[in-house]
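Coordinate inspection notes
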Amino acid sequence: MAHYTMGKQTLEMGSRYLTELRISNDILTDAHALRDRLQEDGYLFIKGFHDREQVLAARGEFLNKLHEMGRLDPQAALADGIIGSDNKTAMWAKGEAELQADFPQFLEVVNGQRVMRFFDELLGGPSITYEFKWPRAISRGGNTGAHYDVVYMGRGTKNLYTMWTPFGDIPLEMGTLAICLNSQNFERIKQTYGESDVDRDNIATGWFSEDPIELVDTFGGQWATAPFEAGDAIIFGMYTMHASLNNETDHYRISSDTRYQLASEPVDERWVGRKPKAHYAWGKTTPKPVEEARKEWGV
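Since this is a predicted model, take the numbers as computed values, not measurements.

1. Concerning the packing of helix H2 (residues 52-68) against helix H4 (residues 104-111)
- Contact pair H2 / H4: the axes reach a minimum separation of 7 Å and the direction vectors enclose 140°. One element, H2, and the other, H4, form an angle in the oblique class. Between H2 and H4 lies a crossing whose hand is left-handed. Of the residues in H4, those touching H2 at Gln54, Val55, Ala57, Ala58, Glu61 and Phe62 are Pro104, Gln105, Phe106, Glu108 and Val109.
- The class makeup of the residues in the contact of H2 with H4 is seven nonpolar, two polar and two charged.

What follows is the structure, given as structure tokens:
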């Protein structure tokens, strides 16, 4: 069986630690079934959710920006997205007003009618998206540790949903997003770590764990991922533990996180408006290591 890395661990596909995501295209036109699936699985993995050509056009915007920044290998074709010798990750986490000039196609993908209509139907009413967006290009060796999104954006409704969109075809070895199955039911973690706030509590990265095996052995569940193609998306709630595999390739893994909720519910003020204030206190002073916080929480 194939093996993939998450942080410092190596996981075997098909083992007790790593399996494949379930595809939800079979119920795509049934909002009630989608809500039930989201409750049951903690996520919705949808193939071809976006228009593939539009996603690839947005990918071109990101590649052009990486080229301008000197981050790509000058000897390779731009379209290949080969990482330059500096091997630096690029983050463009900003409000829409700042992103518009460089990434209009990206904004059309994540804010377009197809997406907003889907969330209107899924959530049962008019939906909104946070103006602040999180596109990024992950370099070789890069990954994200296990976390709940609620610790970063939990001051409004808890019925807030993340959509992870890859901009390009992403095999597992390029660092796909991974879901910890049943983590939406990890009550001890939800009542401790899940009640934290990175701006208020200043906890290091905000990640709960960088060890995917420790998390499964201690709390249960199983990691799930899959190859992604341009056009695919995965949607999950604030209490779904997720991370990513390591990017083991020489290609940038380009993806974005965007957020959606009912317009009628409370909004986390850090992420909305023409110039969202974003994280205003996190990291401004010496942060508390998550290991120390976990001892205090008893998890």
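On we go.
2. Brief notes about helix H9 (residues 212-219)
- Among the residues making up H9, those that are buried are Pro212, Ile213, Leu215, Val216 and Phe219. End-on view of H9: buried residues confined to an arc of 170°, all on one side of the axis.
- Along its buried surface, H9 packs onto strand S1 (3-6), strand S2 (9-12), strand S10 (177-180), helix H7 (187-190), strand S11 (223-225) and helix H10 (290-297).
- Capping the start of H9, Asp211 holds a side-chain oxygen 3.1 Å from the backbone nitrogen of Ile213, two or three residues further along.
- Phi for Gly220, located one or two positions after H9, is positive at around 100°.

3. Section: the sheet that holds S10
- With mixed pairing, four strands are arranged side by side in an open sheet as S3-S11-S10-S13. At either end of the open sheet lies a strand with only one pairing partner, and these are strand S3 (18-20) and strand S13 (242-244). This sheet shows a mean twist of 35° between the axes of neighbouring strands, independent of strand direction.
- As defined by bridge partners, S10 adjoins S11 across two bridges and the pair is classed as antiparallel. When the sheet's bridge partners are listed, Ile179 is paired in S11 with Ala224.

Rules used in this analysis
- One numbering rule holds for all chains: residues counted from 1, following each sequence as written.
- Local features in this predicted model are restricted to residues of pLDDT 70 or higher, and side-chain atom pairs are both shown and tallied only at a pLDDT of 80 or more, whereas totals for entire chains, interfaces and linings draw on every residue.
- Note that water and hydrogens are dropped before the side-chain values are worked out from all heavy atoms of the structure.
- Here the axes come from fitting lines to C-alpha atoms, over the contacting stretch only for helices, and the angles between their N-to-C directions go from 0 to 180 degrees.
- Where helices and strands are cited, they refer to DSSP runs of H or I of at least four residues and of E of at least two residues respectively, numbered from the N terminus.
- The labels follow the angle: roughly parallel below 35 degrees, roughly antiparallel above 145, roughly perpendicular from 65 to 115, and oblique for the rest.
- Should the near helix be turned counterclockwise from the far one by less than a right angle, the crossing is left-handed, whereas a clockwise turn marks it as right-handed.
- The contact criterion used throughout is that any non-hydrogen atoms of two residues lie within 4.5 Å.
- When residues are grouped by polarity, Ala, Val, Leu, Ile, Met, Phe, Trp, Tyr, Cys and Pro land in nonpolar, Asp, Glu, Lys and Arg in charged, and all others, Gly among them, in polar.
- Only protein chains enter the accessibility calculation, which uses a 1.4 Å probe; a residue whose area is less than 20% of its type maximum is buried, one above 50% is exposed, and one in between is partly exposed.
- This arc corresponds to the set of directions leading from the helix axis out to the C-beta atoms.
- Pairing of N or O atoms within 3.5 Å defines a polar contact, subject to two protein rules: one partner must be a possible hydrogen donor and the other a possible acceptor, and residues neighboring in sequence count only if both atoms are side-chain atoms.
- Pairing between strands is defined by DSSP: at least two bridges between them are needed.

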